[in-house]
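A look at the structure
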Amino acid sequence: MSSVNKKEIEKFSKIATEWWNPKGKFKPLHKFNPIRIKYIKENIVNNFKLKNKTKPLKKMNILDIGCGGGLLSEPMQRLGASVTGIDASIKNIKIAKLHAKKSGLNIKYLCSSPEKLKINKKFDVILNMEIVEHVKDLDFFLKSCSKLLKKNGLMFVATINKTLKSYIFAIVGAEYILKWLPIGTHEWDKFVKPEDLKNILKNNNLTLCELDGMHFNIVKDEWNISNDLSVNYIAKFKKN
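Residues numbered from 1 in each chain as written. Predicted model: local features only at pLDDT ≥ 70, side-chain atom pairs only at ≥ 80, totals over all residues. Heavy atoms only, no water.

**Side note on the nonpolar core**
What counts, and what does not: By convention a nonpolar core is built from buried Ala, Val, Leu, Ile, Met, Phe, Trp, Tyr and Cys residues, the set being connected through side-chain atoms within 4.5 Å. Burial classes: relative accessible area under 20% of the type maximum marks a residue as buried, over 50% as exposed, and values in between as partly exposed (1.4 Å probe, protein chains only). Strands here mean DSSP runs of E at least two residues long; helices mean DSSP runs of H or I at least four residues long; both are numbered from the N terminus. In this analysis, two residues are considered to be in contact whenever any of their non-hydrogen atoms come within 4.5 Å of each other.
Core analysis: the largest hydrophobic core is formed by 39 residues, its most contacted members being I44, L57, I62, M76, L127 and F156. Those elements that provide at least two residues to this core are helix 2 (27-48), helix 4 (90-102), strand 4 (123-129), strand 5 (149-160) and strand 6 (206-217). With 8 residues, the top contributor of residues to this core is helix 2. Every residue in contact with I62, bar those within four places of it in the chain, is listed here: I44, L57, M76, A81, S82, V83, T84, F123, V125 and L127. Listed in part, the 26 residues of the second largest apolar core include I126, L138, V157 and V192.

**Points about a positive patch on the surface**
Worth spelling out the cut-off: Residues enter patches when their relative accessible area tops 30% and they take part in no salt bridge; the joining distance is 9 Å for like charges and 5 Å for the nonpolar side chains Val, Leu, Ile, Met, Phe, Trp and Tyr. Reported accessibility uses the Shrake-Rupley method at a 1.4 Å probe radius. Residues are deemed covered only where the shown protein chains occlude them. Put simply, a salt bridge is a Lys or Arg side-chain nitrogen that is within 4 Å of an Asp or Glu carboxyl oxygen. Charge counting treats Lys and Arg as positive and Asp and Glu as negative, with His and both chain ends excluded. Throughout, a charge is located at the NZ atom of Lys, the CZ atom of Arg, the CG atom of Asp or the CD atom of Glu.
A cluster of basic residues, K6, K116, K118 and K136, forms a positive patch on the protein surface. With respect to the helices and strands, K116 occurs in the loop between strand 3 (108-111) and strand 4. Since its relative accessible area comes to 53%, K116 is described here as exposed.

**Things to note about the sheet that holds strand 6**
Counted only if it meets this: Note: two strands are recorded as paired if DSSP finds a minimum of 2 bridges between them. Axis definition: a line fitted to C-alpha atoms, limited for helices to the stretch in contact. Angles are taken between N-to-C directions and run from 0 to 180 degrees.
Spatial strand order, 3-2-1-4-5-8-6-7: 8 strands in an open sheet with mixed pairing. Only two strands of the sheet have a single partner each, and these edge strands are strand 3 and strand 7 (222-226). Within this sheet the neighbouring strands show an average axis-to-axis angle of 20 degrees, counted without direction. Strand direction decides the pairing type here: strand 6 and strand 8 (residues 232-239), joined by 8 bridges, are antiparallel. Paired with L206 across the bridge in strand 8 is K239. Strands strand 1 (61-65), strand 4, strand 5, strand 6 and strand 8 of the sheet are contacted by helix 5 (residues 138-146), whose axis makes an angle of about 145 degrees with strand 5. The strands touched by helix 7 (residues 194-202) are strand 5, strand 6 and strand 8; relative to strand 8, the strand with the most contacts, the crossing angle is about 15 degrees.

In structure tokens:
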């Protein structure tokens with residue numbers, strides 16, 4: 001079995017050179033990055049009771065799944081974590097490796113899906129950020145991810161809810177009207193309801209700890225954590 005959706009990989013491979021252009025096709029992710037970094041960092045620090053002020057994520061082993069060009073892997077490494085980034089697109093991995101080298105960062109990047117990852121360790125934290133809505137088989141994908149997580153480890157999932165509002169905002173608004181994303185970036189059928197995500201991960205020994213909405217403030221041109229789960233949301237799970 002495979003969790004890789006080849007059509008999705010081809011789609012993102014075509015624009016792989018844009019990853020580190022803050023005004024390019026991944027502009028929305030660059031806008032999104034500060035709030036998700038803050039959310040992940042604070043939750044890891046609080047959960048594992050970490051005390052290091054300069055490198056708050058020191059000693060944490062993090063797996064960034066669907067890492068793309070490394071937009072999240074790099075900040076995690078700068079915060080002190082030992083980071084492995086995987087992506088099914090070889091073009092994305094090449095871009096990520098090149099940028100990390102230029103930045104003087106030691107990140108292990110591998111072209112792989114979670115079910116094919118050959119590695120002799122489990123991770124303290126797994127990041128599934130903006131990836132679950134692009135995989136071929138969500139149940140199989142999350143089952144494969146859960147096997148890579150240590151007991152009491154954390155998994156973060158950020159994705160888009162399956163609602164009428166998400167269709168209007170995330171597809172019609174973001175792709176067709178505002179042109180934030182290339183047309184065809186998302187398919188509404190692939191969006192994931194929080195309850196479905198919770199149930200799949202519950203079957204794989206993960207318990208939901210936090211569930212928060214993520215809202216874009218057009219006036220301030222920034223993302224914020226909110227109570228509104230109807231479009232973007234982020235969840236934290238803990239392995240039993």
